[in-house]
Every structure is written in structure tokens, then in C-alpha cells.
Amino acid sequence: MTAEIIVVTSGKGGVGKTTTSASLATGLAMAGKKVAVIDFDVGLRNLDLIMGCERRVVYDFVNVVHGEATLKQALIKDKRHENLYVLAASQTRDKDALTQEGVEKVLDGLSEDGFDYIVCDSPAGIEKGAHLAMYFADHAVVVVNPEVSSVRDSDRILGLLASKTRRAERGDGAIKQHLLLTRYSPVRVASGDMLSVKDVEEILGISVVGVIPESEQVLAASNSGVPVILDANSHAGQAYSDTVARILGEERALRFLDAPKKGFLQRVFGG
Amino acid sequence: MGILDFLKRKPEPTAGLAKERLRIIVAQERSTRGAPDYLPLLRNELLEVIKKYVHVDLEAININVERDSGHEVLELSVALPEGKQAAATPAT
């Protein structure tokens, strides 16, 4: 049994890759899967903070690649889910510390250890770290914001996924591409100030696997080191739960796409 | 729309503009994807040559690589400015 490898990528920075990686990995673990989530952003480690395990990092991804630690030593077991593990990025090495052979060895090791899913949190950009994060993937979650530079960059990433990955090179069948629209504001879409789900789908020619509304709870979750999917009361958390279910093959309708109806006083006085 | 809304200055909605701009740039970038790296350079050098005879902008030169059952065709078109008797003829 080999693990399914999912890369979370975007091209542009700051669109929500790490937030998505943390929630996706947690959601898959909640569905009973054995999951490892790996931070590929060597030199700018952040997944550990979002997962709330930053003080438990002893060994990291680069240590394992270079044989300075075993996978077992470097995997950090999640506090909340016993079948969820984090592999942190190195904070001190430079980005050339990862090699294709080294990454392959780690992914194979995780597969042998019985992991069902490996979530690869890609760095921004299209350079080596991003390339290695996507190279071995079976699925890709392309995180995009409804904003011009993010949409353009994600189209570039979709092109790279279709050509510069192991599956593409071997002709093993295409990577499954999932478009995830984050920081979506139904109010601004309704007023014509933000690209809609349909706009983004039309421009990129692929349909979304989920839409995460802009939500104060995302910041609150990262402040406290708890993936937002665990905040079951927040719209963002529920939207992430739906997204994970869809990636696992379930059919669920999109939610939280409509602007809330205004009350009488709001209609009279605006706001 | 509230009755006091007219007091606020309403900027024009911009999402439609964003969509239109993206549609064009994404289509353009897809058409050059996987094409040889020398195309932009070739385009610039062609512009220099064409400028010796007639004044055109970089945007007037279109280069595409079409793949057609096993062989590649380099397609080149130059839009000449209107109203002038062109000294050069569009190449295809």
C-alpha cells in the first residue's frame, strides 16, 4: 500500500497554503487516515506554528534527508490526533539542502510506515522547494485568492503540475488537480468588487473543490496554534471540513457563498 | 440600497475589469507555455529589424508555436500601423 501524496501549492505567497495544509491534514486524520504533513519551506518554517507544535521540534525534514536523524525521531505526533504527524522544515539550512533523491527517500519511508496520506506544504514561488513539493504528488490542491495576481500565478502552477511532475514525466496519468478558493468575501462579490467563484472557474477552466470564506476565525486559529478546521462553529472550519470530504470522494454542495441579508435598519442607513 | 447611500461616494465595481484582464493574460500565457525560451528574444530582435522600415510596437508582433501532428510551425504575424503605405509586408 503506497501513501497518496497531496501537494498544497499556489505560486503566490500569503494565500493560505499553510493554513490549508494544516486543516487538510487534520481533516484527513479525523476521517481515520494516518497522515503526515511536511513543511517544504526550508529556512522559513511555519507549519509547526500553525499546527501548535513549534516547541516540540527537535529534528527536521532536512536532518532526515541527510541521514542525521531517523524518520521516527523527526516526526512530531500531533497532540490532538494520534494518527497525525508533522515533519517540520529546517530553520537554519538554505533551500538547497533538499534533493530530489532525499525527498523521495523520505516519502518512500513514510509509505513503508503505513501512512495513508502525505500532505506536502509547498513554499511560495516556482523554484526548487516548490518543485520538490509537487514533483512526487498524486493530488494537488492549488490555493487561490479571488485577486488578479493570485489567479494568474495559479494558472502558471497548473501548467507546471501538468508538465514538471513525476506523473507527467512518466505518463502515469495526470495529477488530480483541486482548486481551492480562499479568503472569499460574498459581500464584496455581491457588490461587484471581487471575482466570484464562477469568474475564477471560468478564467482557469477548472472547478473549485472548496471555497473558504474570509473569516476572523482563521487568524484566531493561527494565533492559538489550532488548525481552523477544528473550530467547528466557524464558517471557515466548516468549509474546510466540506473540502476534505470532497477530496475523499464525498459529494457536498458549496456553502457560505451568499452575502448575509441586510436588516431593515441596515437597509435604511447603509453599512 | 439605503436612502442615505447617495451621500456616500460609490466607486465603480472593478471585478468585471479584473476578469477581463485575467482572461486575456491567461490565454496569452497558455499559448506560449512550453514554447522555446528564445521566443521573447526573437520577438525583440524582429522588432528592431522591422523598425528600420516601419514603426510598430512590440504588441503588434505575434509569435506562436503551433504543434500539428508531429511537426511544429512557427507562426509570425505583424500588424502594421493603419493609414500608411507599409514598407514591409506581414510575414506568416
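Everything below is about the structure printed above this text.
Residues numbered from 1 in each chain as written. Chains lettered and ligands numbered in written order. Predicted model: local features only at pLDDT ≥ 70, side-chain atom pairs only at ≥ 80, totals over all residues. Heavy atoms only, no water.

Enquirer: Tell me about the packing of helix H1 (residues 17–30) of chain A against helix H12 (residues 235–247) of chain A, residues and numbers included.
Expert: Residue and element names in this part refer to chain A. In the contact formed by H1 and H12, the axes pass within 9 Å of each other and the chain directions differ by 65°. Both H1 and H12 take part in a crossing whose hand is right-handed. Along the contact surface, H1 presents Thr-19, Thr-20, Ser-23, Leu-24, Gly-27 and Leu-28, while H12 presents Tyr-240, Val-244 and Ile-247. In terms of residue class, the contact of H1 with H12 is made up of 5 nonpolar, 4 polar and no charged. (Axes fitted to C-alpha atoms, helices over the stretch in contact; angles between N-to-C directions. Helix = DSSP H or I, 4+ residues; strand = E, 2+ residues; numbered from the N terminus. Left-handed = near helix turned anticlockwise from the far one by under 90°. Contact = heavy atoms within 4.5 Å. Nonpolar A, V, L, I, M, F, W, Y, C, P; charged D, E, K, R; others polar.)

Enquirer: Describe in detail the layout of surface pockets, supporting the description with residues and values.
Expert: Space inside the largest pocket adds up to approximately 810 Å³. Surrounding the largest pocket, 29 residues form its lining, Gln-28, Glu-29, Ser-31, Thr-32 and Arg-33 of chain B being those nearest its centre. Elements supplying a minimum of two residues to the lining of the largest pocket: helix H6 (128–135) and helix H7 (148–161) of chain A together with helix H1 (15–32), helix H2 (39–51) and strand S1 (61–68) of chain B. (1 Å grid on protein atoms, 1.4 Å probe; cavity = no way out; pocket = protein on both sides within 12 Å on 5 of 7 lines; lining within 4 Å. Points joined across faces, edges and corners; volume = space filled by probe spheres on them.)

Enquirer: Give a description of the side chain of Asp-138 of chain A that names residues and reports values.
Expert: Residue and element names in this part refer to chain A. Within the fold, Asp-138 resides in the loop between H6 and strand S6 (139–144). Among the polar contacts listed, one links the side chain of Asp-138 to the side chain of Arg-167, at a separation of 3.1 Å. Beyond its immediate sequence surroundings of up to four residues, Asp-138 is in contact with Ala-3, Glu-4, Ile-5, Arg-167, Ile-175 and Lys-176. (Polar contact = N/O pair within 3.5 Å; in protein donor to acceptor, adjacent residues only side chain to side chain.)

Enquirer: Tell me about the pairing of strand S2 (residues 35–39) of chain A, and please be specific about residues and values.
Expert: All names here are of chain A. Where burial is concerned, most of S2 is hidden: 5 out of the 5 residues are buried. For S2 and strand S4 (residues 84–87), the ladder comprises 4 bridges, and the chain directions are parallel. Across the sheet, residue Ala-36 finds its bridge partner in S4, namely Tyr-85. Bridge analysis of S2 against strand S5 (residues 117–121) gives 5 bridges, and the strand direction is parallel. Across the sheet, the residue bridging to Val-35 is Tyr-117, located in S5. (Buried < 20%, exposed > 50% of the residue type's maximum accessible area, 1.4 Å probe, protein only. Pairing = 2+ DSSP bridges.)

Enquirer: How would you sum up the packing of H7 of chain A against helix H10 (residues 197–204) of chain A? Please name residues and give values.
Expert: Residues and elements named next belong to chain A. Running from N to C, H7 and H10 point in directions that differ by 40°, and their axes come no closer than 10 Å. Taken together, the axes of H7 and H10 are oblique relative to one another. Note on packing geometry: the crossing formed by H7 with H10 is right-handed. Between H7, through Val-151, Ser-154, Asp-155 and Leu-158, and H10, the contact on the second element is made entirely by Val-200, Ile-203 and Leu-204. The class makeup of the residues in the contact of H7 with H10 is 5 nonpolar, 1 polar and 1 charged. (Parallel < 35°, antiparallel > 145°, perpendicular 65-115°, else oblique.)

Enquirer: So what's going on with the pairing of S5 of chain A? Which residues, and what values?
Expert: In terms of residue burial, S5 of chain A counts as a mostly covered element, since 5 of its 5 residues are buried. Of the two faces of S5 of chain A, the one holding Tyr-117, Val-119 and Asp-121 of chain A and the one holding Ile-118 and Cys-120 of chain A are both buried throughout.

Enquirer: Tell me what's going on with the packing of aromatic side chains, and back it up with residues and numbers.
Expert: Residue and element names in this part refer to chain A. Tallied over the full model, the rule gives 3 aromatic pairs over all chains. Ring geometry for Tyr-85 versus Phe-115: centroids 5.5 Å apart, planes at 80°, classification edge-to-face. Pair noted here: Tyr-85 is in strand S4 and Phe-115 is in the loop between helix H5 (100–112) and S5, with a separation of 30 residues, a long-range link. For Phe-115, a relative accessible area of 3% puts it in the buried group. With a centroid separation of 4.9 Å and 90° between ring planes, the pair formed by Tyr-135 and Phe-136 is classed as edge-to-face. Exposure class is identical for Tyr-135 and Phe-136. Each is buried. Seen from the ring of Phe-115, Lys-34 lies directly overhead, with NZ or CZ sitting 4.5 Å from the centre. (Phe/Tyr/Trp six-rings, centres within 6.5 Å; stacked < 30°, edge-to-face > 60°. Lys NZ or Arg CZ within 6 Å of the ring centre and 35° of its normal.)

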